Structure formats: C-alpha cells, structure tokens
Amino acid sequence: STPLYSSAASDVYKRQCPDSDYLKEIKSISPKSNNIIIYNKFLSESDAQQLIIGAEALILNHSENDMIVSGSFFYAATFGVPVLAKSTDFLKWVGEEGLYDGLNTFPNLKSLVLCIKDQRFSIINRRRLFKQANLHFGDDVLLNALSKVI
C-alpha cells in the first residue's frame, strides 16, 4: 500500500541526515504506523518523485532554523502535494502571503507529529495546489523576475 506521508530526512533526495541526534528524535516521536516512512539515505530523482507523488503530504523536518528557502517545499509544490513542516521564516512568509494553500506549519516537531497522529490537517485538491504553485513559482514567474534583475 502507498504510505500516507513520506519524509526524506534533510533534503528530498540529495543526502543523508547529518545530525544523528535529530534523526533519533524524529524517529522517537513518530507514531508507530505504516503511514510514515523515514528515509535516511540517498534517493534517486525518480524514486523521490514517486514517493512525493504517492504521498498524501510531504513532511519537512529541517533541523536548522536558519534555512533560507526550501527546495523540498518547491519540489512538493511542483506536484501539488501538501506540505507539513516545522515553521521557518521562509515558510511563515509563504503562509502569510497566501502563496500555497497546501502548506501546514507547526512551531515544533512534537506539534507536527501530534497533528499527523490526530489527522488535524486538511488535504486540498492537488490540481488546485498545482495551479497555485505554478501561478506563484512557475517558470514564467521565475523568468519574469530574472529579466528584471539581469
């Protein structure tokens, strides 16, 4: 069966989680079920894409509070997949600007896990999320922004 949530520790597919204590914390507070899979290994682009597409949501569990932007967020948004994440300045900005309705942020890992366990988040129509992501972050938006600074 397809897992409800997929979480690749640290980046979506680029590397393993460099913080072993943080990885232990994530594993210790994750509900014991078949719905959550924690991968702490390299994933090919194809494998990562299949995991993201097959999941109800992507969990971003970045341990660094100084993350400027999240490629994993954009990767999930590319496919219209909802994102459940520990709050960062970047994700707060995305939420405040209303740029991606599939974003659910939490002040800490424990509250994120409790939300998942109690299923206290909404799954939004992926087609609508995909369109919204393309409207705010798509190639045309990127090219337009770049043309203004180049």
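Within every chain, residues take consecutive numbers counted from 1 along the sequence as written. In keeping with the predicted nature of the model, local features appear solely for residues at pLDDT of at least 70, side-chain atom pairs appear and are counted solely at 80 or more, and the whole-chain, interface and lining totals rest on all residues. For the side-chain quantities, the full set of heavy atoms in the structure was used; hydrogens and water were omitted.

The next point concerns the nonpolar core. Put simply, buried Ala, Val, Leu, Ile, Met, Phe, Trp, Tyr and Cys residues joined by side-chain atoms within 4.5 Å make one nonpolar core. Here's how the labels work: a residue is buried when its accessible area is under 20% of the maximum for its type, exposed when over 50%, partly exposed in between, all with a 1.4 Å probe on protein chains only. Formed by 22 residues in total, the largest nonpolar core has its most connected members in Phe73, Val83, Val94, Tyr100 and Leu103. The helix and strand labels rest on DSSP assignments: H or I over at least four residues marks a helix, E over at least two residues marks a strand, and numbering proceeds from the N terminus. The set of elements that each furnish at least two residues to this core consists of helix H2 (45-54), strand S3 (57-60), helix H3 (71-78), strand S4 (83-86), helix H4 (89-97) and helix H6 (126-137). When checking whether two residues touch, look at their non-hydrogen atoms; a contact exists if any pair is within 4.5 Å. Aside from chain neighbours lying at most four places away, what touches Tyr100 is Phe73, Ala76, Ala77, Gly80, Val81, Pro82, Val83, Val94, Leu129, Gln132, Ala133 and Phe137. With seven residues, the next largest nonpolar core counts Ile59, Leu84, Leu112 and Cys115 among its residues.

What follows deals with the pattern of salt bridges. We define a salt bridge as a side-chain nitrogen of Lys or Arg found within 4 Å of a carboxyl oxygen belonging to Asp or Glu. The final tally for this structure, using the stated rule, is one salt bridge. For Asp101, the salt bridge goes to Arg128, with nearest N and O atoms at 3.0 Å. With Asp101 in the loop between H4 and strand S5 (103-106) and Arg128 in helix H6, the pair connects residues that are 27 residues apart, well separated along the chain. For Asp101, a relative accessible area of 35% translates into the label partly exposed.

Turning to the packing of H3 against H6, a few remarks are in order. Every axis corresponds to a line fitted to the C-alpha atoms, with the helix fit spanning only the stretch in contact, and the corresponding angles, defined between N-to-C directions, vary from 0 to 180 degrees. Look at H3 against H6: their axes get within 8 Å of each other, and the N-to-C directions meet at 130°. Here H3 lies oblique to H6, going by the angle between them. Residue-level inspection shows Phe73, Phe74, Ala77 and Thr78 of H3 in contact with H6, the latter providing Phe130, Ala133 and Phe137. Residue composition of the contact of H3 with H6, grouped by class: six nonpolar, one polar and no charged. Here the angle decides the label: under 35 degrees means roughly parallel, over 145 means roughly antiparallel, 65 to 115 means roughly perpendicular, and every other value means oblique. Any residue outside Ala, Val, Leu, Ile, Met, Phe, Trp, Tyr, Cys, Pro, Asp, Glu, Lys and Arg is labelled polar, Gly included; the first ten of those are nonpolar and the last four are charged.

Next up on the list: the pairing of S4. Burial along S4 is two-sided: the residues Val83 and Ala85 and Leu84 and Lys86 are all buried. Bridge count between S3 and S4: three bridges; the pairing is parallel. Its bridge partner lying in S4, Leu60 is registered against Ala85. Where S4 and S5 come together, four bridges link them in parallel fashion. If you follow Ala85 over to S5, its bridge partner there is Thr105. When the strands point away from the viewer, a crossover counts as right-handed if the route from the first strand across the helix to the second turns clockwise. Once you follow S4 into H4 and on to S5, the crossover reads as right-handed. Only when DSSP finds a minimum of two bridges between them are two strands counted as paired.

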